[in-house]
Amino acid sequence: MGFDGLVVVSDPYLQRRFTQADLRALQAQYAGLRDTAPTGRLRLRDLPAALTCLGSPTAMAAGKGEPLRGDAGKENSSPPKPALTDKEWSSVLTAISRADEKPQLDVNFELFLRVYAEMQLRLKGGKKARERDGGQGIKRSSSSSAAFLTASTTTLLHTISESEKASYVGHINAYLAEDPFLKNALPVDPATDQLFHLTKDGVLLCKLINLAVPGTIDERAINTKRLLNLWEKNENHTLCLNSAKAIGCTVVNIGTQDLAEGRPHLILGLISQIIKIQLLADVNLKSTPQLVELVQDSQEMEELMSLSPEKILLRWMNFQLKKGGFQRTVTNFSSDIKDSEAYACLLNVLAPECSAKPSPMSVKDLLHRARLVLEHADRMGCKRYLAPKDIVDGLQNLNLAFVAHIFQKRNGLSKQMKQVSFVDGVSDDAQVSREERSFRLWINSLGISTYINNVFEDLRNGWVLLEVMDKVAPGSVNWKFANRPPIKLPFRKVENCNQVLKIGKEIKFSLVNIAGHDIVQGNKKLILAFLWQLMRYNILQLLKNLRFHSNGKEITDNDILLWANKKVKDSGRQSQMGSFKDRSLSSGIFFVNLLSAVEPRVVNWSLVTKGEKDEEKQMNASYIISVARKLGCSIFLLPEDIMEVRHLIEFLEAKTSFIQCYLQIKFVNVYYSLRP
């Protein structure tokens, strides 16, 4: 939030090349090398030996084997261990040295950075090392579509796909062109780094999230002035990341500082997830009940309901390919469609009237065939998410986006559904989906290795629950006795679930009349009851770690109510609540007062209504959720949950989310009280 630990370099190239996280890591290593040098001085001629002995900057601090703390320790990968020859090192020193920098002179931090950057480029480029231009450093290669960036990049040599960048830029240009705030900044040129600069104020990313899942962010809460200060930009970034969590994005390794710096690989990763969610929004039985045509009986229906959108899309694609007499089964969006044969068949089945000569199948050249396939898609009105070369190269993300858009445009399914009984079952499940949604998004936000698409199906083997338990109660899982998926034998699943319940009892969960086989069988009521306790335990642990209660006293719902009421009263507001079932909460006024009590400047009172009519309640509830996320709260409830204030027995998620909201606001409140 502040500027503590800021590392300043004067060289513009170094400013572009390194992020603050990288600079802090390398500064610590530079200081360590200098302090441990035999003469106490680090010289240019000493750098080859020093850097060769130096470990990964993200794994070691100051070359002493100490793990880095802070942002630098969060990187996903490390540079390869230096292994340049003496001749290559001589070339490196020649490339970066200025006329006045002799081998016997001391090395300052910026010279150290230039040597380190050049070394990494040599290691990364291999035989295709960058051309050198006298003493001016490294020229940028444009020959590779996935070349690492020399601007706005990191020392860790993260790569991005230029094809993916161009595709996402095209998506943004097409869908946000008429946005009142962004229209003057669009279209973005995919050949430049304009996209990464445009995301630095957080507005574009917030708009993109609302495009993917409309209504996620109340746009009245976005700071949209033309000139935003650092605080306002940070609020937008915080709102963006918490809202991204709320729609199912994984943002564990992304922070507000990464967005502020415009780090390409992280921004593209986030944009990729958001666009994927938008394109796959209709690939489910609730949005497209015609998908019931893919199944023959109730057992297949249960299987279909448990599949991820990507797998449903593959199943739909093979269903259509079978109609066209295609002999192979497509199992992925990469190698199986490189030859474009599946695409050619799929488009002929869905839109035979858009066919043209020559037929793609009559062409042997793969690039030419892919080009004809895309021309067919153009005639259907489909947007291009990839180029012919991307199909031939098998770029999975872009092929998935392309197929998803074809599904949106024309799915070829019957509008008359024959399996009415199956669809009725789906409708019944949809009525309780808000509970499942809340817990699913919360679990995915934890950053576990397994991404879940359906709580009731994906938790049945017990493995995901063990991963979650290990996150919220580190060290509690005995992995020696855990069974890793795929698990075919039912009793192995029961073993996993029994260990989950054993841990639950050890941390004082109420687990009456629940056994491992209940989870394996997918008992919704018991699974939700367990997850509610698990989510609540996770948030209470945050408070314990920060000593929000005294003498180890367990925090109760009543403690939370007392704190919230006192906070609002101390701010001079009159509203109070009697319980989590207090019907007056539906107006949203108490929540607004509570948020304002935490940070007065975050609430725009001109946007708050009296909350008397349903429309006013809806507006308040939507604004409350966005403001809370703006303050740093990870909230997974919907406006309807605030408006309905359902009883715990009727609707478990409402109380869960209220408790979560209160606890996190209290966490934020302490942060603000300690802020200088």
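Quick caveat, the model's predicted, so the values are computed rather than measured.

Visitor: Describe the overall build of the protein chain, with residues and values.
Guide: Check the secondary structure of the protein chain and you find 29 helices and zero strands. Considering only contacts within the protein chain whose residues lie at least 6 apart along the sequence, 63% involve residues at least 24 apart. Of the roughly 31700 Å² of accessible surface on the protein chain, a fraction of 51% belongs to carbon and sulfur atoms.

Visitor: Just give me the short version of the nonpolar core, but keep the residues and values in it.
Guide: Counting 85 residues, the largest nonpolar core has Leu270, Ile271, Leu313, Trp316 and Met317 as the members making the most contacts within it. Formed jointly, this core draws a minimum of three residues from each of two domains, domain 2 (162–280) and domain 3 (289–409). Leucine 270 has contacts with Leu205, Cys240, Leu241, Ala244, Cys249, Val251, Ile254 and Leu259, leaving out every residue within four places of it along the chain. One finds Ile443, Phe509, Leu534 and Ile539 within the second-largest nonpolar core, a separate group that totals 41 residues.

Visitor: Hey, could you go over helix H13 (residues 309–323) for me, with residue numbers and the actual values?
Guide: Taking 1.5 Å as the rise per residue, H13 with 15 residues should run 21 Å; its terminal C-alpha atoms sit 21 Å apart, in good agreement. Within H13 the residues assigned to the buried category are Glu310, Ile312, Leu313, Leu314, Trp316, Met317, Asn318, Gln320 and Leu321.

Visitor: Before we move on, could you go through the environment of valine 603 and cite the residues and values that matter?
Guide: Inspection of the secondary structure puts valine 603 in the loop between helix H26 (589–598) and helix H27 (614–631). Relative accessible area serves as the criterion here: at 9%, valine 603 is assigned to the buried category. It is 8.9 Å that separates the C-alpha atoms of valine 603 and asparagine 593, two residues lying ten residues apart in sequence. When near neighbours in sequence (up to four residues on either side) are disregarded, valine 603 contacts Val592, Leu595, Ser596, Val608, Tyr623 and Val627.

Visitor: Explain the packing of helix H8 (residues 203–212) against helix H11 (residues 264–279) residue by residue, including any values.
Guide: Taken N-terminus to C-terminus, the directions of H8 and H11 make an angle of 25°; their axes are 8 Å apart at the nearest point. As summarised for this structure, H8 and H11 are arranged roughly parallel, according to the angle between their axes. The handedness of the crossing between H8 and H11 is left-handed. Contacts between H8 and H11 pair Leu205, Leu208, Ile209, Leu211 and Ala212 from the former with Leu270, Ile271, Ile274, Ile277 and Gln278 from the latter. Considered class by class, the residues forming the contact of H8 with H11 number nine nonpolar, one polar and no charged.

Visitor: Can you lay out the packing of aromatic side chains for me, pointing to particular residues and giving the numbers?
Guide: Summed over all chains, the structure comprises eight aromatic pairs. Seen in terms of ring centroids, phenylalanine 109 and phenylalanine 112 are 6.5 Å apart; in terms of plane orientation they differ by 20°. Their pairing is stacked. One end of the pair, phenylalanine 109, and the other, phenylalanine 112, are both in helix H5 (residues 109–125), three residues apart, so they sit about a helical turn from each other. As far as the burial class goes, phenylalanine 109 and phenylalanine 112 line up, both buried. Every member of this aromatic cluster is reached through a ring pair, and the members are Tyr30, Phe109 and Phe112.

Visitor: Would you mind going over unusual backbone geometry in detail, with residue names and values included?
Guide: The step from leucine 186 to proline 187 runs through a cis peptide bond, and the omega angle for that step is 5°. Checked against the element boundaries, proline 187 lands in the loop between helix H6 (162–175) and helix H7 (194–198). The linkage connecting lysine 357 with the following residue, proline 358, adopts the cis geometry, with an omega of 0°. Within the secondary structure, proline 358 is located in the loop between helix H14 (341–350) and helix H15 (366–380). If you check the backbone angles, serine 340 has positive phi at about 70° while not being a glycine. Along the polypeptide, serine 340 turns up in the loop between H13 and H14.

Visitor: Pulling in residues and values, what's your account of the state of the cysteines?
Guide: As enumerated under the stated definition, the model contains zero disulfides in all. Considering cysteine sulfurs only, cysteine 240 is the nearest to cysteine 249, which forms no disulfide, with 8.5 Å between them.

Visitor: Go over H14 with me, naming the residues and quoting the values.
Guide: Three- or four-residue spacings in an α-helix give side chains the same orientation, since the helix completes a turn every 3.6 residues. Taken across its ten residues, H14 has seven buried, putting it largely inside the fold. Residues of H14 that are buried: Ala342, Tyr343, Ala344, Cys345, Leu346, Leu347 and Leu350. Packing partners of the buried residues in H14 comprise H13, H15, helix H16 (388–393) and helix H17 (396–409).

Visitor: I'd like a description of the side chain of asparagine 620, backed by residues and values.
Guide: Relative to the elements of secondary structure, asparagine 620 occurs in helix H27. Look at asparagine 620 and you get buried, because its relative accessible area is 1%. Other than its neighbours up to four places away in sequence, asparagine 620 contacts Ser587, Ile589, Leu607, Val608, Thr609, Lys610 and Gly611.

Visitor: An account of the pattern of salt bridges is requested, with residue identities and associated values reported.
Guide: By the definition in use, this model includes 19 salt bridges. Measuring nitrogen to oxygen at the nearest pair gives 2.6 Å for the salt bridge that ties arginine 220 to aspartate 218. What makes arginine 220 partly exposed here is its relative accessible area of 29%. Under the relative-accessibility criterion, aspartate 218 is labelled buried at 9%. Salt-bridge contacts for arginine 410 lead to glutamate 353; the nearest nitrogen and oxygen are separated by 2.6 Å.

Visitor: Account for the confidence of the model for the protein chain, naming residues and giving values.
Guide: On average, residues of the protein chain score 77 in pLDDT, and 75% of them reach the 70 mark or higher. Confidence drops under a pLDDT of 50 for residues 55–82, and excluding neighbours within four residues, the segment shows 60 contacts in the predicted structure. Low pLDDT (under 50) marks residues 647–658, which in the prediction has 33 contacts with non-local residues, meaning those over four places away or in another chain.

Visitor: Could you give me a rundown of the packing of H11 against H17, with the residues and numbers involved?
Guide: Their axes nearest at 9 Å, the elements H11 and H17 cross at an angle of 25°. If you check the angle between H11 and H17, you find them roughly parallel. Along this stretch, H11 crosses H17, giving a crossing that reads as left-handed. In this structure, H11 uses Ser272, Lys276, Gln278 and Leu279 to contact H17, whose residues at the interface are Asn397, Leu400, Ala401, Ala404 and Gln408. Partitioned by chemical class, the residues of the contact of H11 with H17 number four nonpolar, four polar and one charged.

Visitor: Lay out the side chain of asparagine 318 with the relevant residues and their values.
Guide: On the secondary structure map, asparagine 318 appears in helix H13. Since its relative accessible area comes to 19%, asparagine 318 is described here as buried. A polar contact is formed between the side chain of asparagine 318 and the backbone nitrogen of valine 330, at a distance of 2.8 Å. Every residue in contact with asparagine 318, bar those within four places of it in the chain, is listed here: Arg328, Thr329 and Val330.

Visitor: Could you give an account of the environment of isoleucine 503, with specific residues and numbers?
Guide: As for its placement among the helices and strands, isoleucine 503 is situated in helix H22 (residues 490–506). According to the relative accessible area criterion, isoleucine 503 is buried, its value standing at 2%. Expressed as a C-alpha distance, the spacing of isoleucine 503 and serine 476, which sit 27 residues apart in the sequence, is 6.7 Å. Residue contacts for isoleucine 503: discarding those within four places in its chain leaves Met469, Ser476 and Val477.

Conventions adopted
- Residues numbered from 1 in each chain as written.
- Predicted model: local features only at pLDDT ≥ 70, side-chain atom pairs only at ≥ 80, totals over all residues.
- Heavy atoms only, no water.
- Helix = DSSP H or I, 4+ residues; strand = E, 2+ residues; numbered from the N terminus.
- Contact = heavy atoms within 4.5 Å.
- Areas by Shrake-Rupley, 256 points an atom, 1.4 Å probe, with all protein chains shown as cover.
- Core = buried A, V, L, I, M, F, W, Y, C linked by side-chain atoms within 4.5 Å.
- Buried < 20%, exposed > 50% of the residue type's maximum accessible area, 1.4 Å probe, protein only.
- Domains from an automatic or database assignment.
- Expected span 1.5 Å × (residues − 1).
- Axes fitted to C-alpha atoms, helices over the stretch in contact; angles between N-to-C directions.
- Parallel < 35°, antiparallel > 145°, perpendicular 65-115°, else oblique.
- Left-handed = near helix turned anticlockwise from the far one by under 90°.
- Nonpolar A, V, L, I, M, F, W, Y, C, P; charged D, E, K, R; others polar.
- Phe/Tyr/Trp six-rings, centres within 6.5 Å; stacked < 30°, edge-to-face > 60°.
- Disulfide = S-S within 2.5 Å.
- Salt bridge = Lys/Arg side-chain N within 4 Å of Asp/Glu carboxyl O.
- pLDDT = per-residue confidence, 0-100.
- Polar contact = N/O pair within 3.5 Å; in protein donor to acceptor, adjacent residues only side chain to side chain.

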